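These are the residues of each chain, in order.
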Amino acid sequence: MRVCKEGPSSGLLLFLFIGLSSVWQCFARDVKAKPTILLLVNASMGRPIPETFFGIFFEEINHAGAGGLWAELVSNRGFEAGGPNTPSNIDPWSIIGDESSLVVSTDRSSCFERNKVALKMDVLCDSQGDNKCPDGGVGVYNSGFWGMNIEEGKTYKVVLYVRSSGSIHVSVSLMGSSGTPTLAAANIIASASDVSNWTKMEVLLQAKESNTNSSLRLTTTNKGVIWFDQVSAMPLDTYKGHGFRTDLVEMLEDIKPQFLRFPGGCFVEGEWLRNAFRWKETVGPWEERPGHFGDVWNYWTDDGLGYFEYLQLAEDLKTRPIWVFNNGISHNDEVDTSVVSPFVQEALDSIEFARGDPNSKWGSLRAGMGHPEPFDLRYVAIGNEDCDKKNYLGNYLKFHSAIKSAYPDIKIISNCDGSSQPLDHPADFYDFHIYKPANVLFSKAHKFDNASRAGPKAFVSEYAVTGEDAGNGNLLAGLAEAGFLIGLEKNSDVVALISYAPLFVNSNDRRWNPDAIVFDSSRLYGTPSYWVQWFFAESSGATLLNAKIHGKSSSSLLASAITWTNSEDKKTYIKIKIVNFGSRSVNLRICIRRLIRHSIRKSGSTKTVLTSANLMDENSFAEPRKYMILANAMQVVPIQSPLENAGKRMDVVILPYSFTSFNLLKKSTSI
Ligand code: AHR
C-alpha cells in the first residue's frame, strides 16, 4: 500500500520537517497496519471556497409553493382557476346542499379589475318555511391542497370579500373530514346596506382541536343571493410572520443556503409565453393578483407567493436572491430579438422593484408592500435552459447590455454551458444543469477538473440522479450526488455556486421525481439527497484543503477536506467527507499532514455516517425529520457519534455504500 509519503510541496524547512515527520508517523504505524487505502490531507495548503458556494433552488413545481411553502390554506381563492370565461369550473370548491336549496355559479362581477370572476350563491332555502335549510346550512367549502392542516390552539385569519342584495348571516368555519366536530367557527352578520357593495370581512378562528384533513366552509341558512370573492385563510403562525410554512423553511435553514435561486426552472419559461411567470402580475395586494396557470407543471397558482415574497424569503433566510426571469422565450414560442425590448424593460423594472429608491416607480410599490429598504438583489439569470433556442443569444445580449448599463454591479448568469468551450458572449456565470443515472453522475465528479479556469465560473444550479436509479429518492441517488458534490467542492475555484433540484414535492402531486424534501399538509421528511446536502452546509466560505486518496481499488471512493469556523462558537474544525460508492467496506488510514501533534481535540470531534441496509432504501413520513436521534430507525438519515480516535492520523472503516464525515475540532494554533 501507499503510505503517508509525498514529495515536499513547500520550500519552508519548518513545513518540510513537520511534513516529513507526519509521513514518518504514518509510515511507522503501517508496519502492522491493516488499511489498504490512504487519504492524505494537507492542512497547510488551502484555497477559499466561494462564500456563495452552497445554496438552494426553489421552483414552483410539485405544488412546492402553492399548497406548500406558502401557507395559504385556500386553493383557488379568487375563483379564477377555471379561466376568465363564466360560467366556470370552481374546483376545488365544492357545494354543501342540493339543487333545491342552493344554486352556485360564477360571474364576472368582482371589484378586482385583474381578476373579475366571483362566486355567486343563490340560496333557495330559508331559516323557516316550506323550504327550510338543512341543519348546518348550505354553501361552499374548500379543502385547500389535499386537506388543510388545522392545529389545536392556533389561530387562522380568514379574509373574504362579500356582496349581497340583502342582509347576510354567514357562518365561517373550519371543519375536519365529514362527521368530525367543528374545529372553529365565527359568524359574519351584516345588514343589506353594509354589503350592497363589495366589502372586505375578516375573522379570526382559533382551533379547538387538530385535524390534518380539514376544510373551510362558508354556509348560511338564510334565503338570498350572496357573492364571494378572494377568500383567504392563513395561519397567524408563519415563518417570521411573512406567510411561509415554518416547518418547511426550517429544513432550508438547517442546510445553510447561501443563495436562493427562484422561481424556476421551466416555471419561468412556460410551455407558452402566455403562461410564463410574469412578475408584475404577482406583486401588490394579494387580492388584486390575477394568478396564473403554470402550463409546464400543469397547475394553477393564485400567486400569493409572488416576486416580493421570494425576495422576502431570501432575506428571511439571510441568503442571496438569484432571480431567474423570462427572456421572451418559452418552450414553444419566442419573441424575436427585434421586438424584445418590452421584455427587457420588464426585467429592468423588476430590478428597480427589488432595489430601487422608495420614491421610484417600482421601488415605491415595494415600499407600499411594507419593505422600504431595498432587497439585496445582486444576481439575475437571463432565462432557463434556453441556450439552444433560436433567439437566445440575440435576446440575451439585449438584456445583458441594458442591465449592465443600468446596474453595473449585477452579476448575470447565461444559460449556455461554458464548461467545455468558452462562451461567445459576456457573462459573469454560466448555468449548468445535470440529471443522470447514479453511476454517470458519480463519474461526473471529475466533470470540472479540466474546465477552463479563465472566463466565467459555473453555476451548477440543477443536479440530481433521476430515472429508475432514483426511486422516490433513495440512498443510491444520494451517494452518487455526494460523489458529484465532492468533485464540485474540489473544483470550487471554477464552480462558484451549486444547488440541487427540485427542492420540494407535495406528495399529492409528484410532477417531478425525486426531490429533496417531501411534504403533505402536516408532515415532511428529507430524502437522502436532502441529507447529502446537509453535509455540505459548512462548505461555503470554508478553506478547501488538498485531500488525495492513494491505494488500490479507490475508484469508488471520493474524498474532500475543508477547514471551517463555526460562526456561533468560533471554533475551527477540519471536516473530511468520504463517499464509498462501492459494495465493500474500506479500511482507510487518514493522515493529516502539516498539523502539529495533539492539535486535534478528541472531545468535540465527531463522525457522521449516512448509510442504510439497502442501497434502494428511501425515507418516509413515518419518522421525524431530525438527524442523529434515530440510531435504530428505518430512515436514511445521518447518524452522528463521538470520534474517539480523532487525531491527525486515524485508521477508520468506511462502510459500503456510505457517506461519512469526520469533523475534527482543532485547538486554536495548530498548523
Ligand atoms: O428541476 C426540474 C426541471 O428540470 C426544471 O424546471 C428545469 O430547469 C429542468 O429541466
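See the structure printed just above.
This structure is a prediction, so every number in the text was calculated from the model and none was measured.

Reading the values: the criteria
- Residues numbered from 1 in each chain as written.
- Predicted model: local features only at pLDDT ≥ 70, side-chain atom pairs only at ≥ 80, totals over all residues.
- Heavy atoms only, no water.
- Helix = DSSP H or I, 4+ residues; strand = E, 2+ residues; numbered from the N terminus.
- Salt bridge = Lys/Arg side-chain N within 4 Å of Asp/Glu carboxyl O.
- Near = heavy atom within 4 Å.
- Areas by Shrake-Rupley, 256 points an atom, 1.4 Å probe, with all protein chains shown as cover.
- Nonpolar A, V, L, I, M, F, W, Y, C, P; charged D, E, K, R; others polar.
- Phe/Tyr/Trp six-rings, centres within 6.5 Å; stacked < 30°, edge-to-face > 60°.
- Buried < 20%, exposed > 50% of the residue type's maximum accessible area, 1.4 Å probe, protein only.
- Lys NZ or Arg CZ within 6 Å of the ring centre and 35° of its normal.
- Contact = heavy atoms within 4.5 Å.
- 1 Å grid on protein atoms, 1.4 Å probe; cavity = no way out; pocket = protein on both sides within 12 Å on 5 of 7 lines; lining within 4 Å.
- Points joined across faces, edges and corners; volume = space filled by probe spheres on them.
- Pairing = 2+ DSSP bridges.
- Axes fitted to C-alpha atoms, helices over the stretch in contact; angles between N-to-C directions.
- Left-handed = near helix turned anticlockwise from the far one by under 90°.

Asker: Kindly report on the environment of His550, identifying the contributing residues and their values.
Answerer: Mapped onto the elements, His550 comes out in strand 26 (residues 543-550). On a C-alpha basis, the gap between His550 and Asp428 in space is 36 Å, while along the polypeptide they are 122 residues apart.

Asker: How would you summarise the pattern of salt bridges if you had to cite specific residues and measurements?
Answerer: Within the structure shown, the criterion is met by 26 salt bridges. Between Glu346 and Arg278 there is a salt bridge whose closest N-O contact spans 3.1 Å. Taken as a pair, Glu346 in helix 5 (residues 341-355) and Arg278 in the loop between helix 3 (266-269) and strand 15 (292-294) lie far apart in primary sequence, 68 residues in all. Asp509 is the partner of Arg511 in a salt bridge, and the nearest nitrogen-oxygen pair spans 2.6 Å.

Asker: Got a sec to walk through the site of the ligand? Specific residues and values, please.
Answerer: Taken together, Glu59, Gly265, Cys266, Trp297, Asn384, Glu385, His433, Tyr435, Glu462, Ala501, Pro502 and Trp512 make up the full set of residues adjacent to the ligand. Surface burial for the ligand is 94%, taken as the share of its 280 Å² of free accessible area covered by protein chains. Across the shell around the ligand, the residue classes break down as six nonpolar, three polar and three charged.

Asker: Tell me about the packing of aromatic side chains, and name the residues and values.
Answerer: Following the criterion strictly, the structure yields 37 aromatic pairs and no others. Between Phe79 and Trp93, the ring centres sit 4.9 Å apart and the planes meet at 35 degrees, which makes this aromatic pair tilted. Linking Phe79 in the loop between strand 2 (56-57) and strand 3 (93-96) with Trp93 in strand 3, this pair joins segments that are 14 residues apart in sequence. A single burial state applies to Phe79 and to Trp93, both of which are buried. Cation over ring: Arg163 sits above Trp227, and NZ or CZ is 3.9 Å from the ring centre. Against the face of Phe536 rests Lys577, its NZ or CZ located 4.8 Å from the ring centre.

Asker: Describe in detail the side chain of His400, supporting the description with residues and values.
Answerer: Relative to the assigned elements, His400 resides in helix 7 (residues 392-406). Since its relative accessible area comes to 10%, His400 is described here as buried. Ignoring any residue separated from it by four or fewer positions in sequence, one finds His400 in contact with Ile382, Ile412, Pro426 and Ala427.

Asker: Before we move on, could you go through empty space enclosed by the protein and cite the residues and values that matter?
Answerer: Enumeration over the complete set of coordinates arrives at four cavities of 30 Å³ or more. As a volume, the largest cavity reaches approximately 130 Å³. As for the largest cavity, its lining consists of 16 residues, and the residues nearest its centre are Ala66, Trp70, Asp302, Asp303 and Gly304. Class assignment of the residues belonging to the lining of the largest cavity gives a composition of seven nonpolar, four polar and five charged. By volume, the second largest cavity is sized at about 70 Å³. Residue lining of the second largest cavity: Phe277, Arg278, Trp279, Trp323, Phe325, Asn326, Phe343, Glu346, Ala347 and Phe399, and that is the complete set. When contributions to the lining of the second largest cavity are tallied by element, the ones reaching two or more residues are strand 17 (320-325) and helix 5. Counting residues per element, the lining of the second largest cavity draws most heavily on helix 5, which supplies three residues. Considering only residue class, the lining of the second largest cavity consists of seven nonpolar, one polar and two charged.

Asker: Any details on the sheet that holds strand 5 (residues 118-123)? Residues and values, ideally.
Answerer: The strands that make up a sheet are held in pairs by hydrogen bonds between backbone atoms, and each pair lies either parallel or antiparallel. With antiparallel pairing, five strands are arranged side by side in an open sheet as 4-5-13-8-11. Where the open sheet ends on each side, the last strands, each with one partner, are strand 4 (102-107) and strand 11 (199-206). Pairs of neighbouring strands in the sheet enclose a mean axial angle of 30 degrees, with direction left out of account. When strand 5 meets strand 13 (residues 224-235), the two strands line up antiparallel, connected through five bridges. Within strand 13, the residue paired with Leu119 across the bridge is Phe228.

Asker: Can you lay out unusual backbone geometry for me, pointing to particular residues and giving the numbers?
Answerer: Residues Gly264 and Gly265 are joined by a peptide bond in cis, for which omega reads 15 degrees. Relative to the assigned elements, Gly265 resides in the loop between strand 14 (259-262) and helix 3. Residue Pro502 is reached from Ala501 by a cis peptide bond, and omega for that bond is -15 degrees. The phi dihedral of Asn76 falls on the positive side, at around 65 degrees, and the residue is not glycine. Tracing the backbone through its elements, the reader meets Asn76 in the loop between strand 2 and strand 3. The phi torsion at Arg594 lies on the positive side, around 60 degrees, for a residue other than glycine.

Asker: Let's hear about the packing of helix 5 against helix 7: which residues, and what values?
Answerer: Running from N to C, helix 5 and helix 7 point in directions that differ by 35 degrees, and their axes come no closer than 10 Å. The hand of the helix 5/helix 7 crossing is right-handed. For the pair formed by helix 5 and helix 7, the contact residues are Phe343, Val344, Ala347, Leu348 and Ile351 on the first element and Lys398, Phe399, Ala402, Ile403 and Ala406 on the second. Grouping the amino acids of the contact of helix 5 with helix 7 by side-chain chemistry returns nine nonpolar, no polar and one charged.

Asker: I'd love a proper account of the pairing of strand 17, names of residues and values included.
Answerer: Burial runs high along strand 17: six of the six residues are buried. Burial of strand 17 is two-sided: the residues Arg320, Ile322 and Val324 facing one way and the residues Pro321, Trp323 and Phe325 facing the other way are all buried. Inspection of the sheet shows strand 14 paired to strand 17 by four bridges, in the parallel sense. Following the sheet pairing, Arg261 is matched in strand 17 by Ile322.

Asker: Any details on the sheet that holds strand 25 (residues 524-526)? Residues and values, ideally.
Answerer: Sheet architecture is open: three strands sit in the order 23-24-25, paired in mixed fashion. The two strands at the open ends of the sheet, each matched to only one other strand, are strand 23 (504-506) and strand 25. Going across the sheet, the axis of each strand differs from the next one's by a mean of 20 degrees, ignoring polarity. With three bridges joining them, strand 24 (residues 517-519) and strand 25 adopt antiparallel strand pairing. Across the sheet, Ile517 pairs through a bridge with Gly526, a residue of strand 25. Most of the contacts of helix 2 (residues 246-253) go to strand 25, to which it runs at about 15 degrees, and overall it touches strand 23, strand 24 and strand 25.

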